[in-house]
Amino acid sequence: MMIVDDEPLVRLALLHMIDWDSMDIQVVVEAEDGMEALAILEQHGDIDLILLDIEMPRLNGIELLRAHPAIIQKRRPVAIMLSAYSDYSYVREAFLLGAIDFIVKSDMDEEHLVPVVLKAVNELRTQETSTPVVQRADEEIDRKSEILRQLISLNPQQDESAYVAAGAGILEWLEESNQLVAVISISQGSSEAVRTGRSLKDDQTQRFIMQSVQTVLEAMSLKHLFYEQSQSQYVLFCSFAAFRSESVIREKVQAAFSMIQTRLNQYVNVSVSIGISDLDSGLKLWYRLYQQAAHLASMSYFAGFNKVFYPESCMELGKYGTESGTEHARKLQVTLKTTGAGIAQSLEQSNAQLWTKEFEQMELLLGQTWGWRPQDVHTAFEDLLWELGGLLYRKGIRWDDLDEALQHPFEYMKSLETLDETKTWLHRICSQLFQHIHGKTSEDHYSSVVLLAKQFLDLHYTEDVNLTLISEMVGVSEGYLSKQFTKELGCNFIQYLTNLRIEESKRLMKKKGNKITYIAEAVGYLNVEHFSRMFKKTTGYSPKLYRDSRMNG
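Residues numbered from 1 in each chain as written. Predicted model: local features only at pLDDT ≥ 70, side-chain atom pairs only at ≥ 80, totals over all residues. Heavy atoms only, no water.

Observations concerning helix α24 (residues 493-509)
An α-helical segment advances 3.6 residues per turn. Residues three or four places apart therefore align on the same side.
Line of reasoning, step 1. Given a rise of 1.5 Å per residue, 17 residues ought to cover 24 Å, and the 25 Å separating the end C-alpha atoms of α24 matches this to within 8%.
Line of reasoning, step 2. For α24, the set of buried residues is Phe-493, Tyr-496, Leu-497, Thr-498, Leu-500, Arg-501, Ile-502, Glu-504, Ser-505, Lys-506, Leu-508 and Met-509. (Helix = DSSP H or I, 4+ residues; strand = E, 2+ residues; numbered from the N terminus. Expected span 1.5 Å × (residues − 1). Buried < 20%, exposed > 50% of the residue type's maximum accessible area, 1.4 Å probe, protein only.)

Here it is in structure tokens:
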């Protein structure tokens, strides 16, 4: 092994904090920067493992990985990155360049370091293993995945014998005591790649996620099995047979999954929701624990991502499955459907306050849906879309007359991951439909305050304008202007300003040669990342994907 770090004290600590001999590892050389390390690697072909700092003078860790192609091509030597908390983007790039894992320097102790090094050693041994053995290992992985798939898809009450067989299989790896299931849901619209139009290969993203989760669980010595259910959902089966105290188990679980959430957000740059089941014991209980964890994870639809959901923090969930809860949900569905029809009818009236009042009523009703399955809330929204579709048909308007991105509104709505996103999107559709039906004549109904503010924004939306500035200009409070904007225009001040800027950016994208950075600044956004987020939230596409799709079309 070679240790590469520009801080002598770090190299000294790494050299002495671990009993390397007991791991059959010999530290043969140290380097104080990437340039020195590269010279050593080019002269000596016997280095198997590198502990490699990212931030170093002359040649940093990322540059060293690029300069020594054997790491990328053969994954030899195997690189473990040493990272400070400010190095998240570098860590992601290091994964792409062949690094196997990372250690945060603040966690650089024996407990965290040893599991990562052992994983690297196993990788080295795998490289040396003959093909038949590797093939057998792959078959074992496939068998394990099939067992886990059965445990979450087979209902033991309907197919007891098959479930018992699968449950017996899992006993090879996990005990039948203090079982727990966690479901990790990945936000599809949260990663930097999606926001900016750049994309990582699916297998790379999945490897990042699995490595980050495995590193935390192995460092904390938690017995687990990891199942990739889909590209956006992962299931963890855990067993805590060695622990008798539920409070101790909860402490370990909370520490582990909070760290997993932080690491995935910081190093893989994705937002996640994690649903964690309660503890139970018994072969037939994995299915119930999974159902509970999956339902908890789906609560991100109501509460947003970057949260961990426990059974006791979502006590209302239990009511949804009861007879009284089901009856309440049925009545609420009927009321929501009626309210949706009222919104569509009000949009035909020239007074914008009528439909916005109906929409506010629907939002109040939606506040009672906490704990529902997201697909059941979608049913209410689909009813509204059907009502709006009927109105469009009667008026001779097509969906894409309102917005080019609305050719398939039902499919687009399914891609929205939170209730707030969906409500904002539907509110914008209703506002656009109202404007389309009533056109310029609706200005006759604007108050003088709103009309003056609107006219100023229509002319100066690319400048540094804000609610405080406009409210002072028209002589009313921010709260009053914001409330009147929503009542009379069907959207709040920020939404109206954003829509103006996004529509102008679409026009600029039609001109070849306009870079995204230039367009962002031209429409009033100094931060291109903020522009990208607002563009995707408004249109459903990143700026790059939107521009490319229009040019290709």
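Some remarks on the packing of aromatic side chains
Line of reasoning, step 1. Per the counting criterion, the structure on display carries 14 aromatic pairs.
Line of reasoning, step 2. With centroids separated by 5.7 Å and ring planes inclined at 15°, the aromatic side chains of Phe-226 and Tyr-234 adopt a geometry described as stacked. Just as Phe-226 is buried, Tyr-234 falls in that class too.
Line of reasoning, step 3. Geometrically, the ring pair formed by Phe-240 and Phe-243 is tilted, given 6.4 Å between the ring centres and 55° between the ring planes.
Line of reasoning, step 4. An aromatic cluster of at least three residues, connected via ring pairs, comprises Tyr-525, Phe-531, Phe-535, Tyr-541 and Tyr-546. (Phe/Tyr/Trp six-rings, centres within 6.5 Å; stacked < 30°, edge-to-face > 60°.)

So, the sheet that holds strand β9 (residues 272-276)
Line of reasoning, step 1. Reading across from one edge, β7-β8-β6-β9-β10 is the order of the five strands in this open sheet, with mixed pairing throughout. Each having just a single partner strand, β7 (224-230) and β10 (307-309) make up the two edges of the open sheet. Taking the axes of each pair of neighbouring strands and ignoring which way they run, one obtains an average angle of 20° across the sheet.
Line of reasoning, step 2. Taken together, the six bridges between β7 and strand β8 (residues 233-239) define a ladder with antiparallel strand orientation. Bridging from a neighbouring strand, Phe-226 pairs with Leu-236 of β8. (Pairing = 2+ DSSP bridges. Axes fitted to C-alpha atoms, helices over the stretch in contact; angles between N-to-C directions.)

Here we look at the sheet that holds strand β2 (residues 29-31)
Line of reasoning, step 1. In spatial order, the strands read β2-β1-β3-β4-β5; together these five strands make up an open sheet with parallel pairing. A single partner strand is all that each edge strand has here, and the edge strands are β2 and β5 (101-104). Across the sheet, the axes of successive neighbouring strands diverge by a mean angle of 20°, strand direction being ignored.

Focus on the packing of helix α17 (residues 374-395) against helix α20 (residues 419-438)
Line of reasoning, step 1. Where α17 meets α20, the axes come as close as 12 Å, and the angle between the chain directions of the two elements is 10°. The angle between α17 and α20 falls in the class roughly parallel. For the pair α17 and α20, contact is made by Val-377, Phe-381, Leu-384, Leu-385, Leu-388, Leu-391, Leu-392 and Lys-395 and by Leu-419, Thr-422, Lys-423, Trp-425, Leu-426, Ile-429, Cys-430, Leu-433 and Ile-437, respectively.
Line of reasoning, step 2. Each residue belonging to the contact of α17 with α20 can be placed in one class, and the counts come to 14 nonpolar, one polar and two charged. (Parallel < 35°, antiparallel > 145°, perpendicular 65-115°, else oblique. Contact = heavy atoms within 4.5 Å. Nonpolar A, V, L, I, M, F, W, Y, C, P; charged D, E, K, R; others polar.)

Details of unusual backbone geometry
Line of reasoning, step 1. Of note, Asp-24 is a non-glycine position whose phi angle comes to about 60°, a positive value.
Line of reasoning, step 2. Mapped onto the elements, Asp-24 comes out in the loop between α1 (8-17) and β2.
Line of reasoning, step 3. Even without being glycine, Arg-58 reaches a positive phi, approximately 65°.

Quick notes on helix α16 (residues 352-366)
Line of reasoning, step 1. Over its 15 residues, α16 extends 21 Å from the first C-alpha to the last, a length consistent with the 21 Å expected when each residue adds 1.5 Å.
Line of reasoning, step 2. Those residues of α16 not exposed but buried are Ala-352, Trp-355, Thr-356, Phe-359, Met-362, Leu-365 and Leu-366.
Line of reasoning, step 3. Looking at where α16 begins, the residue whose side-chain oxygen comes 3.0 Å from the main-chain nitrogen of Gln-353 is Asn-351. (Polar contact = N/O pair within 3.5 Å; in protein donor to acceptor, adjacent residues only side chain to side chain.)

Section: the confidence of the model for the protein
Line of reasoning, step 1. Scored by pLDDT, the protein has a mean of 81; 87% of the residues are at 70 or more.
Line of reasoning, step 2. With pLDDT under 50 throughout, residues 190-201 is counted as low confidence; its partners more than four residues away or in other chains account for 33 contacts. (pLDDT = per-residue confidence, 0-100.)

Considerations on the nonpolar core
Line of reasoning, step 1. Grouped together as the largest cluster of nonpolar side chains are 40 residues, with contacts concentrated most on Leu-347, Phe-381, Leu-388 and Trp-425.
Line of reasoning, step 2. Of all the elements in the fold, those that place two or more residues in this core are α13 (300-303), α15 (323-347), α16, α17, α18 (399-402), α19 (409-415) and α20.
Line of reasoning, step 3. Broken down by element, this core gets its largest block of residues, eight residues, from α17.
Line of reasoning, step 4. In contact with Leu-347, other than residues within four places in its own chain, are Trp-355, Leu-388, Leu-391, Cys-430, Leu-433, Phe-434, Ile-437 and His-438. (Core = buried A, V, L, I, M, F, W, Y, C linked by side-chain atoms within 4.5 Å.)

A word on the pattern of salt bridges
Line of reasoning, step 1. Considering all chains together, one arrives at 22 salt bridges under this definition.
Line of reasoning, step 2. Across the pair Asp-280 and Arg-288 runs a salt bridge, and its minimum N-O distance is 3.0 Å.
Line of reasoning, step 3. Overall, Asp-280 belongs to the partly exposed group, its relative accessible area being 27%.
Line of reasoning, step 4. The partly exposed category is assigned to Arg-288, whose relative accessible area is 34%. (Salt bridge = Lys/Arg side-chain N within 4 Å of Asp/Glu carboxyl O.)

Considering a negative patch on the surface
Line of reasoning, step 1. There is a patch of like negative charges on the surface, built from Asp-19, Asp-21, Asp-24, Asp-109, Glu-110 and Glu-111.
Line of reasoning, step 2. Judged by relative accessible area, Asp-24 falls into the exposed class, the value being 69%. (Patch = residues over 30% accessible without salt bridge, like charges linked within 9 Å, V, L, I, M, F, W, Y side chains within 5 Å. Areas by Shrake-Rupley, 256 points an atom, 1.4 Å probe, with all protein chains shown as cover. Lys, Arg positive; Asp, Glu negative; His and termini not counted. Charge placed at Lys NZ, Arg CZ, Asp CG, Glu CD.)

What to know about the side chain of Thr-498
Line of reasoning, step 1. The topology assignment puts Thr-498 in helix α24.
Line of reasoning, step 2. Assessed through its relative accessible area of 7%, Thr-498 is described here as buried.
Line of reasoning, step 3. Engagement of the side chain of Thr-498 in a polar contact is seen with the backbone oxygen of Ile-494, the distance being 2.8 Å.
Line of reasoning, step 4. The contacts of Thr-498, once residues within four sequence positions are left out, are Tyr-525, Met-534 and Thr-538.

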